[in-house]
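Observations on the three-dimensional arrangement
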Amino acid sequence: MTVTLEVAEGVGTLRLDRPPMNALDIATQDRLKELAEEAGRRDEVRAVVLYGGERVFAAGADIKEMRDMDHAGMIRRARALQDAFTAVARIPKPVVAAVTGYALGGGCELALCADYRIAADNAKLGQPEILLGLIPGAGGTQRLPRLIGPSRAKDLIFTGRQVGAEEALALGLVDRVVPAAEVYEQAHAWAARLAKGPAIALRAAKESVDTGLETGIDTGLAVERNWFAGLFATEDRERGMRSFVEEGPGKAKFV
């Protein structure tokens, strides 16, 4: 298997496993989509970690495979490529990317699909497609500028340059930099904390933020308003408010 899903204590780890560099070939893309959708469906998965292993997150697409494709072939494949990454971005649960080593091209685009990114201090990120005479095709031209702003995104996309972990942190491309040996542990801890939270409210928060970014503030406010009112029908809301009044903040146990 090129991608696996392992679940423990409410956290599902989506693990890329295609040595040596986790190149994202067609089979890996399709398996990623399948397991992302499974993680979204399974109730016991409350949060997700994207991980490529101790040495590399994902060095990008499988260039040898792509080189053999012509225009017609890529027209047929491009939508499936984007759909695989969109399936990760739309997992209705908190998702954290544990970035080790290289996250380039499709690897960087996969990290962009997470809600939060923790990077090793030796990580390298970038969108080098321009160096192949291409542009990012798995969401990089859309998700990257939404995350770090258009001018910074254009610099990375136009030049194809790689950035180290500290520059990625300064750009807002990653959210935390830690020693390489601690990346998965800290990502899992982030996910495990949220796995204990109110699942429906977390889903509502993620959908409200993402919808607002993808549409406009009026649509985003409508989604927020509907979710906010709807959460008053949940047991978690009752538990959270009762615990707050009786015990103080942060002590509720959600179901």
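Everything here concerns the structure above.
Description of the structure in this document. Throughout this description, residue numbers start from 1 for each chain and increase along the sequence as written. The model is predicted, so local features are restricted to residues of pLDDT at least 70 and side-chain atom pairs to those at 80 or more, both for listing and for counting; the totals for chains, interfaces and linings are taken over all residues. Side-chain measures here rest on the full set of heavy atoms in the structure, leaving out hydrogens and waters.

**Let's talk about the pairing of strand S3 (residues 47–51)**
Using a 1.4 Å probe on the protein chains alone, a residue whose accessible area is under 20% of its type maximum counts as buried, one over 50% counts as exposed, and one in between counts as partly exposed. Counting from the N terminus, the helices are DSSP H or I runs at least four residues long and the strands are E runs at least two residues long. Among the five residues that make up S3, five are buried, leaving the element largely enclosed by the rest of the structure. Covered by surrounding structure in S3 are Ala-47, Val-49 and Tyr-51 together with Val-48 and Leu-50, the residues of both alternating faces. At least two bridges found by DSSP between two strands are what make those strands a pair. Bridge analysis of strand S2 (residues 11–16) against S3 gives five bridges, and the strand direction is parallel. Residue Leu-14 lies in a different strand from S3, and its bridge partner there is Leu-50. Seen with its strands pointing away from the viewer, a crossover is right-handed when the path leading from the first strand over the helix to the second is clockwise. With helix H1 (residues 26–41) bridging S2 and the parallel S3, this β-α-β connection has right-handed handedness.

**A short note on the sheet that holds strand S8 (residues 162–164)**
Taken together, three strands build an open sheet; the order of strands is S5-S7-S8 and the sheet is mixed. With one partner strand each, in any of the chains shown, strand S5 (102–104) and S8 form the two edges of the open sheet. Put simply, the sheet's adjacent strands are angled 20° from each other on average, direction ignored. As defined by bridge partners, strand S7 (residues 124–126) adjoins S8 across three bridges and the pair is classed as antiparallel. Paired with Leu-125 across the bridge in S8 is Val-163. In this description, a line fitted to the C-alpha atoms serves as the axis of each element, helices being fitted only across the stretch in contact, and the angle between N-to-C directions of two axes falls anywhere from 0 to 180 degrees.

**A short note on a nonpolar patch on the surface**
Side chains of Ile-63, Leu-132 and Leu-134 sit close together on the surface and give an oily, nonpolar patch of about 260 Å² of accessible area. Looking at the element boundaries, Ile-63 is found in helix H2 (residues 63–67). Patches draw on residues past 30% relative accessible area with no salt bridge. Two like charges within 9 Å are joined, as are two nonpolar side chains (Val, Leu, Ile, Met, Phe, Trp, Tyr) within 5 Å. In short, Shrake-Rupley with a 1.4 Å probe defines the accessible areas, and a residue's cover is counted only from the protein chains shown. The term salt bridge refers to a side-chain nitrogen of Lys or Arg lying within 4 Å of a carboxyl oxygen of Asp or Glu.

**With respect to the packing of H1 against helix H3 (residues 71–89)**
Contact pair H1 / H3: the axes reach a minimum separation of 8 Å and the direction vectors enclose 40°. The element H1 and its partner H3 pack so that their crossing is left-handed. The segment H1 lies against H3, with Ile-26, Gln-29, Asp-30, Leu-32, Lys-33, Ala-36 and Glu-37 engaging Arg-77, Leu-81, Asp-83, Ala-84, Ala-87 and Val-88. Taken together, the residues of the contact of H1 with H3 sort by class into seven nonpolar, one polar and five charged. Crossings are classed by handedness, with left-handed meaning an anticlockwise turn of the near helix from the far one by less than a right angle and right-handed meaning a clockwise turn. Two residues qualify as a contact provided that any one of their heavy atoms is within 4.5 Å of a heavy atom in the partner residue. Each residue gets one label: Ala, Val, Leu, Ile, Met, Phe, Trp, Tyr, Cys and Pro are nonpolar, Asp, Glu, Lys and Arg are charged, and the others, such as Gly, are polar.

**With respect to the pattern of salt bridges**
Overall, the coordinates contain 12 salt bridges when judged by the stated rule. Across the salt bridge formed by Asp-30 and Arg-77, the nearest N and O atoms sit 2.8 Å from each other. Note that Asp-30 is positioned in helix H1 and Arg-77 in helix H3, a separation of 47 residues in sequence. Through salt bridges with shared partners, one network takes in Arg-18, Asp-25 and Asp-62.

These figures capture arrangement, not role.
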